[in-house]
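Per-entry structural report
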Amino acid sequence: MIMTDQSKNIAIFASGNGTNAINILDCAKEELFNSTIKCLITDKKDAGIIVKINTHPVYKNIPIYTIPFVKKIGESHPVAKARHEVEIKEILDSHHVNWIALAGYMKILSAKFLKCYFDESFQKNRVINIHPSLLPKYPGKDAYEQAFNSGDEVSGVTIHHVDSGIDTGPIILQKTFKRKKEDTFEDFKNRGLSLEYQIYREALVSLDWK
Ligand code: GAR
């Protein structure tokens with residue numbers, strides 16, 4: 001992507017509760033990094049993040065765009081996906097977005113879409129993601145469940161640049177947490193989530209914002 005303007009404009013993508021999205025907004029409010037959050041994109045009409053932002057005393061004016069992935073009758077998956085991403089891209093362009101922070105966004109972005117955010121100077125996409133495992137272990141969905149059910153004594157969370165694979169892009173930061181013998185799944189996941197907020201914060205501060 002050719003940059004004509006040096007400002008960093010971020011869009012957050014989230015599909016769920018949005019606790020990571022709120023954490024990113026908090027980091028921006030605290031001016032931990034020199035970028036502006038322009039909008040939030042979600043693919044789920046009932047995503048918890050929508051209510052969280054709309055009722056938030058400080059963030060309620062952040063534009064939220066709900067763009068569900070819908071496959072029209074007779075439409076192939078790749079065509080529907082391309083149309084969905086064009087819709088998203090138009091919104092991002094209208095906000096001059098040049099960085100994307102995924103925060104529990106559960107759709108895979110296509111290579112074509114990601115190419116729009118490729119930075120020649122550091123050979124990576126300006127798209128980052130948080131994943132709740134020690135990648136390359138447990139990519140994809142339900143990573144906490146997989147780590148817990150496998151009985152892993154040490155698990156962790158990862159921040160990485162996004163490429164067109166499933167949770168395969170270059171790793172920015174990774175941190176571990178220990179499972180306690182008495183942990184229920186909820187205890188285990190909550191410990192991981194606390195670490196997610198901490199690691200996203202650290203990544204946003206230390207990121208090479210090209
Ligand atoms: C988080 O645990 C995040 O790491 C995970 O979804 C959850 C979203 O929670 N993301 C993935 O699994 C991506 N592959 P949140 O909506 O409360 O931030």
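Up top is the structure.
What comes next is a walk through the structure. Nothing here was measured: the structure is a model prediction, and the numbers come from that model. (Residues numbered from 1 in each chain as written. Predicted model: local features only at pLDDT ≥ 70, side-chain atom pairs only at ≥ 80, totals over all residues. Heavy atoms only, no water.)

1. Examining a negative patch on the surface
Note the cut-off: Patches here are clusters of residues that have more than 30% relative accessible area and form no salt bridge, with a 9 Å joining cutoff for like charges and a 5 Å cutoff for nonpolar side chains (Val, Leu, Ile, Met, Phe, Trp, Tyr). Per-residue accessibility takes into account occlusion by the displayed protein chains alone, with areas from the Shrake-Rupley method and a 1.4 Å probe. Salt bridge, as used here: a side-chain nitrogen of Lys or Arg that lies within 4 Å of a carboxyl oxygen of Asp or Glu. Asp and Glu are treated as the negative residues and Lys and Arg as the positive ones, with His and the ends of the chain left uncounted. A single reference atom marks each charge: NZ on Lys, CZ on Arg, CG on Asp, CD on Glu. Any residue under 20% of the maximum accessible area for its type is buried, any over 50% is exposed, and the rest in between are partly exposed; the area is computed with a 1.4 Å probe on protein chains only.
On the surface, D142, E145, E182, E186 and D187 cluster together into a patch of negative charge. We classify E186 as partly exposed; its relative accessible area is 46%.

2. Some words on the pattern of salt bridges
Under the counting rule described, the total for this entry stands at 10 salt bridges. What you see here is one network of salt bridges that share partners, running through E75, R83 and E87.

3. Overview of the packing of helix 1 (residues 19-29) against helix 6 (residues 185-206)
Heads up, the rule is: Throughout, an axis means a line fitted to C-alpha atoms (over the contacting stretch in the case of helices), and angles, computed between N-to-C directions, take values from 0 to 180 degrees. Note on conventions: DSSP H or I runs of at least 4 residues are helices, E runs of at least 2 residues are strands, and numbering of each starts at the N terminus. In a left-handed crossing the near helix is turned counterclockwise from the far helix by less than a right angle, and in a right-handed crossing that turn is clockwise. Whether two residues are in contact is decided by their heavy atoms, any of which lying within 4.5 Å being enough. Residue polarity is assigned by list, with Asp, Glu, Lys and Arg as charged and Ala, Val, Leu, Ile, Met, Phe, Trp, Tyr, Cys and Pro as nonpolar; anything else, Gly included, falls into the polar class.
Where helix 1 contacts helix 6, the axes come no closer than 10 Å and their chain directions differ by 35 degrees. Handedness of the helix 1/helix 6 crossing: right-handed. On helix 6, the residues touching T19, N20, N23, I24, D26 and C27 of helix 1 are L193, E196, Y197, Y200, R201 and L204. Of the residues belonging to the contact of helix 1 with helix 6, the class tally is six nonpolar, three polar and three charged.

4. Examining the side chain of S35
Residue position: S35 is located in the loop between helix 1 and strand 2 (36-42). According to the relative accessible area criterion, S35 is buried, its value standing at 12%. For S35, the residues in contact, after removing those within four places along its chain, are K8, I10 and W209.

5. A short note on the pairing of strand 8 (residues 154-161)
Moving residue by residue along a regular strand, the side chains alternate between the two faces of the sheet. Let me state the cut-off plainly: A strand pair is defined by DSSP finding two or more bridges across the two strands.
Burial within strand 8 is extensive, with seven of its eight residues counted as buried. Bridge count between strand 7 (residues 127-131) and strand 8: four bridges; the pairing is antiparallel. Across the sheet, the residue bridging to I130 is I159, located in strand 8. Of the pairings in the sheet, the one linking strand 8 to strand 9 (residues 171-178) comprises seven bridges and is antiparallel in character. From the neighbouring strand, I159 faces strand 9, where its bridge partner is L173.

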